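A structural walkthrough
The primary structure of each chain is shown beneath.
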Amino acid sequence: MNALTTTIAALIACSGIQAQTMIDKSDIKLKNDLMTPEALWAMGRIGGAEASPDGKTIVYQVGYYSVKENKSRQVIYTISSDGKTQRKLTPAGKSQSDATWIAKGKRIAFLQDGQIWSMAADGSDCKQLTKSSTDIEGYKFSPDEQSVLLIKSIPYNGSIKKNPDDLPLATGRLVTDLNYRHWDHYVESMQHPFIAKVGESGIDDGIDILKDEPYECPMAPFGGIEQLNWSPDSKIIAYTCRKKEGVSYAISTDSDIYLYDVTTGKTTNICKPSNYIPVDVDPTKSMKNQTINKQKGDYNLGYDVNPTFSPDGKYIAWQSMARDGYESDRNRLCVYNVADKKKIYVTETFDSNVDSYCWAADSKRIYFTGCWHACVNLYHTDINGNVLQLTDDIADFGSISLVNNGNKLLATRHSMSQADELYIVNPGKNIKKTSVTQLTYENQHIYDQLQMGEVRKQWIKTTDGKDMLCWIILPPHFDETKKYPTLLYCEGGPQSPVSQFWSYRWNFQIMAAHGYVIVAPNRRGLPGFGSEWNEEISGDWTGQCMKDYLSAIDYATTNLPYVDKDRLGAVGASFGGFSVYYLAGHHDKRFKCFIAHDGAFNLESMYTDTEEAWFSNWEYEDAYWNKNLSDNARRTYEKSPHRFVDKWDTPILCIHGEKDYRINANQGFGAFNAARMKGIPAELLIFPDENHWVLKPQNGILWQRTFFNWLDRWLKK
């Protein structure tokens with residue numbers, strides 16, 4: 001072993017990450033040209049990215065996973081905006097994240113071990129800037145770099161009482177109200193934003209701008225530093241908050257945008273007037289039918305998040321939903337005029353969601369991404385609401401930000417055949433004049449060894465005579481003369497698009513690589529086809545959307561000669577898992593096997609099990625114990641999958657995470673137990689340490705292997 005090899009081996013041992021992912025990507029050699037779980041987990045996952053002030057350099061983050069060590073490591077890179085020069089900055093053995101430019105582009109700030117550090121742009125001269133006794137979970141420097149926002153968790157005992165000090169080993173929790181657990185954790189702490197001063201000796205601990213307020217900011221479970229922003233003059237902080245507790249928190253999605261004056265400490269709600277008086281609501285009935293969503297006036301009653309000041313400071317934009325309690329309401333772009341305090345919604349002609357956005361440098365336009373016809377493309381709107389489409393790719397654009405003084409955009413982009421990479425977008429006056437150039441090639445060394453399946457777009461007629469877009473994904477080395485086992489993919493949400501998404505678990509290319517054709521319909525209830533199509537599912541989970549599923553698979557068996565109608569399976573997660581459980585009792589022997597992940601099985605139980613009561617309130621309309629149920633509510637409970645187990649006759653695999661508090665694991669237990677008591681072949685894959693997703697590398701590979709072993713057992717005989 002030579003000196004260089006010895007040094008590399010030492011670095012690998014220090015980092016605990018597999019050699020091929022961290023040292024030399026060319027060492028990754030696949031056994032064949034088909035996607036495998038191991039190939040998926042060997043891929044680098046691009047995260048946050050930001051252009052330097054002069055636009056010449058991009059700093060970005062990549063996550064690498066070690067299956068052997070069952071953990072991940074975040075690495076910081078820089079790349080020139082022309083893509084010619086790339087540099088890895090993170091030293092071996094360290095994990096660094098959340099990189100951002102400071103000191104006019106001369107230095108890079110980042111998080112490491114719960115503290116803020118900085119380094120020179122070439123990765124040298126690392127300095128620790130904070131020494132907080134509490135981990136820093138996010139940060140954002142003010143434009144003048146004299147202050148910094150710090151996100152830190154503080155203790156909270158609003159719904160779970162603190163145990164007596166003389167019982168330090170007690171594990172019990174005394175719960176006194178709702179919101180005692182959220183997503184995958186018990187709510188015994190919450191995040192708060194702190195303003196800290198930046199001095200020559202570092203950054204102080206800061207002042208809690210929500211001191212003594214029992215509310216979270218950013219908002220759990222997915223909010224981050226993007227929910228707070230500085231004004232260009234560094235004098236105001238705009239932040240997102242849902243100022244509710246207990247039952248009120250659990251039944252409501254009503255968050256607001258607040259302005260905090262750094263000098264005076266005064267806070268102003270810009271979503272509601274100061275004289276706004278909340279109305280009483282019935283927590284056991286749908287918000288859609290209550291007075292709260294029928295009030296008149298300049299009120300924002302739904303989910304308002306992610307405020308951003310225009311570069312000139314005259315406007316504040318944010319994403320806004322109109323109705324309280326409806327998580328899948330259309331996400332509009334609201335613009336607030338700071339001078340006259342008036343709001344305008346500038347994406348009303350775009351009948352879909354605004355997924356991400358950024359201001360143009362001239363403060364007159366806003367760039368945004370949105371899904372239309374199952375692809376997420378780039379658009380821009382002016383202050384008057386004139387929307388223009390800029391790209392028309394068979395792909396999904398993700399985050400966007402300005403580059404080169406606003407002349408170009410930095411964007412992430414992925415498809416069903418490629419994970420996120422960074423791109424430079426030169427916006428034109430129309431689609432034809434917009435150019436999109438790939439900047440990073442993080443996983444090209446893996447793609448070069450793989451044969452991807454072809455993705456085809458197919459419009460089909462539904463039972464009510466409407467057009468529905470389906471994606472058809474074909475196996476690699478596809479032969480039109482052969483017949484293939486085929487999977488119906490059931491989407492979750494229930495209102496999430498079947499766009500050109502890339503997943504490290506529900507990955508269509510790995511399904512195709514195992515020899516399956518995939519039929520993925522954009523059934524009723526998915527965004528990107530107008531509000532009417534999107535909302536048709538609310539209160540009707542088992543109606544037209546289920547007919548759409550069957551229309552899709554029936555079209556495939558009738559019109560696609562390579563689809564084997566005698567070897568069909570149906571798979572899905574979340575609402576897709578519910579769909580599988582329902583189809584198991586209503587498929588008229590179409591399918592030979594099912595797989596349901598984290599699906600709802602018993603809707604009466606689900607109503608009170610889920611931690612976010614607003615979801616079941618909106619979707620089911622009434623608590624099951626209420627008298628005089630609405631027609632929709634009665635149909636919902638009567639059509640619950642558990643009521644049709646007597647018709648189950650097909651093998652089923654149930655998968656669930658025990659830390660899934662959105663759809664509790666008892667739903668998966670109940671479905672599996674029912675299948676076995678019926679004598680139906682069934683298996684249960686349970687993850688004690690996973691939530692609604694599967695995030696750990698070895699669990700992920702176990703998931704994939706179990707998934708395909710089950711399918712192969714019943715569909716490849």
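The rules behind the values
Residues numbered from 1 in each chain as written. Predicted model: local features only at pLDDT ≥ 70, side-chain atom pairs only at ≥ 80, totals over all residues. Heavy atoms only, no water. Helix = DSSP H or I, 4+ residues; strand = E, 2+ residues; numbered from the N terminus. Contact = heavy atoms within 4.5 Å. Expected span 1.5 Å × (residues − 1). Buried < 20%, exposed > 50% of the residue type's maximum accessible area, 1.4 Å probe, protein only. UniProt positions renumbered as here; feature names shortened; annotations may be inferred. Patch = residues over 30% accessible without salt bridge, like charges linked within 9 Å, V, L, I, M, F, W, Y side chains within 5 Å. Areas by Shrake-Rupley, 256 points an atom, 1.4 Å probe, with all protein chains shown as cover. Salt bridge = Lys/Arg side-chain N within 4 Å of Asp/Glu carboxyl O. Pairing = 2+ DSSP bridges. Axes fitted to C-alpha atoms, helices over the stretch in contact; angles between N-to-C directions. Parallel < 35°, antiparallel > 145°, perpendicular 65-115°, else oblique. Nonpolar A, V, L, I, M, F, W, Y, C, P; charged D, E, K, R; others polar. Phe/Tyr/Trp six-rings, centres within 6.5 Å; stacked < 30°, edge-to-face > 60°. Lys NZ or Arg CZ within 6 Å of the ring centre and 35° of its normal. Core = buried A, V, L, I, M, F, W, Y, C linked by side-chain atoms within 4.5 Å. Polar contact = N/O pair within 3.5 Å; in protein donor to acceptor, adjacent residues only side chain to side chain. Disulfide = S-S within 2.5 Å.

Here we take up the side chain of Gln115. For Gln115, the position within the fold is in strand β7 (residues 115-120). Excluding residues that lie within four positions of it along the chain, Gln115 makes contacts with Phe110, Gln128, Thr130, Lys131, Ser132 and Ile136.

So, on to helix α8 (residues 544-559). Between the first and last C-alpha of α8 there are 22 Å, a value that for 16 residues agrees with the 22 Å anticipated at 1.5 Å per step. Looking at α8, one finds that the buried residues are Gln544, Cys545, Met546, Asp548, Tyr549, Leu550, Ser551, Ala552, Ile553 and Ala556.

In this structure, Leu149 sits in strand β10 (residues 147-155). When its relative accessible area of 0% is taken as the criterion, Leu149 is described as buried. For the pair Leu149 and Val425, spaced 276 residues apart in sequence, the C-alpha to C-alpha distance is 30 Å. Excluding residues that lie within four positions of it along the chain, Leu149 makes contacts with Gly138, Tyr139, Lys140, Pro193, Phe194, Ile195, Leu228, Trp230 and Ile237.

This part is about the UniProt feature "domain: Peptidase S9 prolyl oligopeptidase catalytic" (unreviewed entry) in the protein chain. The residues that UniProt annotates with the feature "domain: Peptidase S9 prolyl oligopeptidase catalytic" (unreviewed entry) are residues 502-717. Helix makes up 42% of residues 502-717 and strand 15%, with an end-to-end C-alpha separation of 30 Å.

The subject of this paragraph is a nonpolar patch on the surface. Residues Val175, Leu178, Tyr180 and Val247 make up a contiguous nonpolar surface patch of roughly 260 Å² in combined accessible area. In this fold, Val247 is placed in helix α4 (residues 246-250). On the basis of relative accessibility, which here comes to 32%, the residue Val247 falls in the partly exposed class.

Strand direction decides the pairing type here: strand β34 (residues 455-461) and strand β35 (residues 467-473), joined by 7 bridges, are antiparallel. When the sheet's bridge partners are listed, Ile460 is paired in β35 with Met468. What sits between the antiparallel neighbours β34 and β35 is a turn of 5 residues, in which Gly465 has the positive phi angle 80 degrees.

Next up on the list: the sheet that holds strand β23 (residues 315-320). Sheet architecture is open: 4 strands sit in the order β22-β23-β24-β25, paired in antiparallel fashion. Of all the strands in the sheet, just β22 (304-309) and β25 (343-345) have a single pairing partner and so form its edges. Direction aside, the axes of adjacent strands within the sheet are offset by 25 degrees on average. In the sheet, β23 pairs with strand β24 (residues 332-337) via 6 bridges, with the strands oriented antiparallel. Across the sheet, the residue bridging to Trp318 is Cys334, located in β24.

Under the criterion given, the structure shown has 37 salt bridges. For Asp622, the salt bridge identified is with Lys285, shortest N-O distance 3.1 Å. One end of the pair, Asp622, is in the loop between α11 (613-620) and α12 (631-638); the other, Lys285, is in the loop between β21 (267-269) and β22, and 337 residues separate them in sequence. Exposure remark for Lys285: the relative accessible area of 29% places this residue in the partly exposed category. Among the salt bridges present, the one from Arg365 reaches Asp362, with a minimum N-O distance of 3.2 Å. Assessed through its relative accessible area of 26%, Arg365 is described here as partly exposed. Look at Asp362 and you get partly exposed, because its relative accessible area is 35%. One network of salt bridges, in which partners are shared, links Asp464, Lys466, Arg524, Glu532, Glu536 and Asp548.

The subject of this paragraph is the packing of α8 against helix α9 (residues 575-583). For any two helices packed against each other, the geometry comes down to the angle between their axes and how far apart the axes lie. Contact geometry of α8 with α9 gives a least axis separation of 11 Å together with a crossing angle of 75 degrees. On the basis of their axis angle, the class for α8 and α9 is roughly perpendicular. Contact residues: Cys545, Met546, Tyr549 and Leu550 in α8; Phe575, Phe578, Ser579, Tyr582 and Leu583 in α9. By residue class, the composition of the contact of α8 with α9 is 8 nonpolar, 1 polar and no charged.

What follows is about the sheet that holds strand β3 (residues 71-80). Read across the open sheet, the 4 strands follow the order β1-β2-β3-β4; overall the sheet is antiparallel. Each having just a single partner strand, β1 (45-51) and β4 (86-88) make up the two edges of the open sheet. When strand polarity is set aside, the average angle formed by the axes of neighbouring strands in this sheet is 25 degrees. Two elements, β1 and strand β2 (residues 57-66), share 5 bridges in a ladder whose sense is antiparallel. The residue of β2 that forms the bridge with Ala49 is Tyr60.

Bringing the environment of Ala360 into the picture now. Inspection of the secondary structure puts Ala360 in the loop between β26 (356-359) and β27 (365-372). Apart from the residues within four sequence positions on either side, Ala360 is in contact with Pro311, Arg365, Ile366, Tyr367 and Leu402.

Any pair of aromatic rings gets described here by the distance separating the centres and the angle formed by the planes. Within this structure, the stated rule accounts for 47 aromatic pairs. With a centroid separation of 5.9 Å and an interplanar angle of 85 degrees, the aromatic rings of Tyr139 and Phe141 are classed as edge-to-face. A single burial state applies to Tyr139 and to Phe141, both of which are buried. Three or more aromatic residues joined by ring pairs form one cluster here, namely Trp541, Phe575, Phe578, Tyr607, Trp614, Phe615, Tyr620, Tyr624, Trp625 and Tyr637. Taking the ring centre of Trp41 as reference, the NZ or CZ of Arg45 above it sits at 4.5 Å. The positively charged end of Lys272 is found above the aromatic ring belonging to Tyr276, 5.5 Å away from the centroid.

Counting 108 residues, the largest nonpolar core has Leu488, Trp648 and Leu711 as the members making the most contacts within it. Not counting residues up to four positions away in its chain, the partners in contact with Leu488 are Val519, Pro521, Tyr549, Ala552, Ile553, Gly569, Ala570, Val571, Leu583 and Phe591. In terms of nonpolar packing, the next biggest core, distinct from the first, is built from 15 residues, Leu149, Ile209, Tyr215 and Trp230 among them.

Note on placement: Gln544 falls in helix α8. For Gln544, a relative accessible area of 13% gives the class buried. Looking at Gln544, its side chain comes within polar contact range of the side chain of Thr463, at 3.0 Å. In this structure Gln544 touches Thr462, Thr463, Asp464, Arg524 and Glu536, once residues within four positions along its chain are discounted.

With that settled, the discussion passes to the state of the cysteines. Inspection of the entire model under this criterion finds 0 disulfides. With no disulfide of its own, Cys271 lies closest to Cys334 among cysteine sulfurs, the gap being 7.0 Å. Cys593 forms no disulfide, and the closest cysteine sulfur to it belongs to Cys490, at a distance of 12 Å.

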